[in-house]
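Structural features, examined
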Amino acid sequence: MAIAPASTGSPSPVVVIGGGVMGSALAYWLTRLDPTRAVIVVERDPSYQHASSALSAASIRQQFSTAVNIRISQASIAFLRNAGEELRIGEDRPDIVLREGGYLYLADAAGAAALRRTHTLQKTCGADVAILEPAALAQRFGFLNTADLSLGSLGLSGEGWFDGYTLLTAFARKARRGGARYITGVVCGLTLDHTRVTEVILADGSRLACSHAVNAAGPWAREVAALAGVALPVFARRRTVFVISCPALLPGPAQVAPFPLVIDPSGFWIRPDGRHFIAGSSPAEDADDQPLEPDYAAFENQLWPALAHRIPAFEQARVERAWAGYFEVNTFDHNGILGPHASLENLLFMNGFSGHGMQQAPVVGRAVAEMILHGRFTTMDLSELLFARVAANQPLHEANIIG
Ligand SMILES: Cc1cc2nc3c(=O)[nH]c(=O)nc-3n(C[C@H](O)[C@H](O)[C@H](O)COP(=O)(O)OP(=O)(O)OC[C@H]3O[C@@H](n4cnc5c(N)ncnc54)[C@H](O)[C@@H]3O)c2cc1C
């Protein structure tokens, strides 16, 4: 799908609604690709207290089930490895503390065939992943109980974790340096003129004329879409992250390095985090908009038993603290929804990443900037992720959703 590019020197700015990692990555790419372009980012909470980008586990993997997500990850890891240089201001280089510790997907008998299928696709796309049989798993990761495992898939490079908050603030800082204006305000309305958005309206009554409006409102994107009468299948679903210490498996230099981000067949994930570990699991009941308080009962009832079964040393696990944030879950197909809505040519979306938005922001930010500036994707074709697929009821299901 092509949209009308903004004319250079247009007096109306691109108005980005939401200044999290998506909105800030977009603002960065817009100002970098066209320094003359006026960009305003409207963010209601500059402290990002509830923003997903500040509450993220900020991990990146190549192990997806759709080729487009694998391609995005390959480009994203290249950006993240070079983030200090890409986002530096003078000699001040942000350090996102990227650790390429790998992901280890584990499968029991029921999941082994699917793991082999996705492995084949990942290899075809050039991902650096290896299949491990149970004996190899036991040898390489001595802390695992492999009794009920049939297979594992390990990312050998290009997977790991980083400091997501630093990435967010580095994008925002560099965007500001490039001329983007950040405004504190709540977007509460959009003025429509047939097929276009002409103004973004703030709760204080101010009106921002715009060449394009971009919905980068994360878990609150459905509410913003509704301001234009658009139904967006994105819902705020609470996820708790537990910070865990484990005296029997102390992450020291010898043990942290080989401890990857483990994805268990039961649905939990765990990875090292400094001196501790962080872990989470899919909630048994997944209601919308729950208050952002950690679900401590889920640790006792669900996560701990599964964790201690897979890694017996975690019998002695202790929860040091916990936090909760919202996944912006796209219930249609669990993939990002990008670009314009068919009936509103200059209202663009970058929403619904369902737990993999932090790692995709560097690439998605550039792709949406290209749509605005050139009317089409010029670096990487992300047409499969366009909003049009939702309208056409043609889902692109991502099977590898975590938590
Ligand atoms: C616990 C947890 C773990 C995660 N782990 C990973 C991971 O390992 N890897 C990964 O890739 N992703 C992960 N994610 C997902 C990732 O963090 C998100 O996909 C990403 O941060 C989304 O960024 P965003 O900018 O769209 O949303 P947000 O960061 O939520 O930003 C949206 C912003 O919009 C603002 N806003 C909303 N409505 C309005 C309005 N009306 N007016 C003005 N401002 C408004 C909000 O204040 C907010 O700051 C995780 C998320 C959570 C919660």
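One structure accompanies this document, and this report is about it. Predicted model, so just to flag it, every value in this text is computed and none were measured. (Residues numbered from 1 in each chain as written. Predicted model: local features only at pLDDT ≥ 70, side-chain atom pairs only at ≥ 80, totals over all residues. Heavy atoms only, no water.)

**Comments concerning the site of the ligand**
Rules: Residues are labelled near a given molecule or strand when at least one of their non-hydrogen atoms is within 4 Å of it. Between N or O atoms, a polar contact is any pair within 3.5 Å; within protein, one atom must be a potential hydrogen donor and the other a potential acceptor, and residues adjacent in sequence are included only when both atoms are from side chains. Put simply, DSSP marks the helices as runs of H or I at least four residues long and the strands as runs of E at least two long, and each gets a number from the N terminus on.
Lining the immediate surroundings of the ligand are 35 residues, of which Glu43, Ser53, Ser59, Glu328 and Gln359 lie closest. Within the contact set of the ligand, an oxygen atom lies 3.1 Å away from a backbone nitrogen or oxygen of Met22. With respect to the ligand, the side chain of Ser53 contributes an N or O atom lying 2.5 Å from an oxygen atom. Counting residues per element, the ones that place at least two in the shell around the ligand are α1 (21–33), β2 (39–43), α2 (52–55), β17 (318–330) and α11 (357–374). A per-element tally of the shell around the ligand places β17 first, with four residues.

**Quick notes on the packing of helix α3 (residues 67–81) against α11**
Any two packed helices are characterised by how steeply their axes cross, that is the angle between the axes, and by the distance between the axes. What counts, and what does not: To get an axis, fit a line to the C-alpha atoms, keeping to the stretch in contact for a helix; angles then go from 0 to 180 degrees between the N-to-C directions. What sets the label is the angle itself: under 35 degrees gives roughly parallel, over 145 gives roughly antiparallel, 65 to 115 gives roughly perpendicular, and the rest give oblique. Contacts between residues were defined by any pair of non-hydrogen atoms, one from each residue, lying within 4.5 Å. Residues are grouped as follows: nonpolar covers Ala, Val, Leu, Ile, Met, Phe, Trp, Tyr, Cys and Pro; charged covers Asp, Glu, Lys and Arg; every other residue, Gly included, is treated as polar.
At a minimum axis distance of 8 Å, the contact between α3 and α11 shows a crossing angle of 85 degrees. Here α3 is positioned roughly perpendicular relative to α11, judged by the angle of their axes. Listed contacts from α11 to Asn69, Ile72, Ser73, Ala75, Ser76, Phe79 and Leu80 of α3 are Gln359, Gln360, Pro362 and Val363. When grouped by side-chain class, the residues that make up the contact of α3 with α11 number six nonpolar, five polar and no charged.

**Observations concerning the pattern of salt bridges**
The condition that has to hold: Whenever a carboxyl oxygen of Asp or Glu lies within 4 Å of a side-chain nitrogen of Lys or Arg, that contact is scored as a salt bridge. The rule is simple: take the accessible area with a 1.4 Å probe, protein chains only, and divide by the maximum for that residue type; under 20% is buried, over 50% is exposed, in between is partly exposed.
Applying the stated criterion to the full structure yields 19 salt bridges. Measuring nitrogen to oxygen at the nearest pair gives 2.7 Å for the salt bridge that ties Arg88 to Glu85. When its relative accessible area of 36% is taken as the criterion, Glu85 is described as partly exposed. A salt bridge links Glu133 to Arg116; its shortest N-O distance comes to 3.3 Å.

**Points about the sheet that holds strand β9 (residues 187–193)**
Test applied: We treat two strands as partners when DSSP finds at least two bridges between them.
Read across the sheet, three strands follow the order β9-β10-β11 without closing on themselves; strand pairing throughout is antiparallel. Each edge of the open sheet is held by one strand with a lone partner, namely β9 and β11 (207–209). Going across the sheet, the axis of each strand differs from the next one's by a mean of 25 degrees, ignoring polarity.

**Here's the deal with α1**
Using the following cut-off: In this analysis, the expected span of each helix is defined as 1.5 Å times one less than the number of residues it contains.
Under the 1.5 Å per step criterion, the end-to-end length of α1 is 18 Å for 13 residues, consistent within 8% with the ideal 18 Å. Within α1, eleven of the 13 residues are buried, which leaves the element mostly enclosed by the surrounding structure.

**Focus on the sheet that holds strand β8 (residues 181–184)**
One open sheet accounts for six strands, arranged β8-β2-β1-β12-β19-β18; its pairing is mixed. Two strands bound the open sheet, and with one partner strand each, they are β8 and β18 (337–341). Taking each pair of neighbouring strands and ignoring which way they run, the sheet shows an average axis angle of 20 degrees. Summarising the sheet, β18 and strand β19 (residues 344–351) pair through five bridges and their orientation is antiparallel. Paired with His341 across the two strands is Leu344, which belongs to β19.

**Description of the nonpolar core**
To keep things clear, this is the line we draw: Each nonpolar core is a collection of buried residues, namely Ala, Val, Leu, Ile, Met, Phe, Trp, Tyr and Cys, held together in the definition by side-chain atoms within 4.5 Å.
By size, the foremost hydrophobic cluster in this structure holds 56 residues, and its most contacted members are Leu26, Phe162, Leu167, Met350 and Leu382. Sorting the residues of this core by element identifies β1 (14–17), α1, β2, α3, α7 (164–177), β19 and α11 as the ones contributing at least two each. Apart from the residues lying within four places of it in its own chain, the contact partners of Met350 are Met22, Leu26, Val214, Asn215, Ala216, Ile337, Leu338, Val364, Gly365 and Val368. Counting 31 residues, the second largest nonpolar core, distinct from the first, contains Ile17, Ile40, Ala213 and Phe332.

**Points about the pairing of strand β4 (residues 103–107)**
A large share of β4 lies buried, amounting to five of its five residues. Taking every second residue as pointing to the same face, both faces of β4 are buried, with Tyr103, Tyr105 and Ala107 on one and Leu104 and Leu106 on the other. Summarising the sheet, β4 and strand β14 (residues 261–263) pair through three bridges and their orientation is parallel. Bridged to Tyr103 within β14 is Leu261. Across four bridges, the pairing between β4 and strand β6 (residues 151–155) is antiparallel. Note on β6: the bridge partner recorded for Tyr105 is Ser153.

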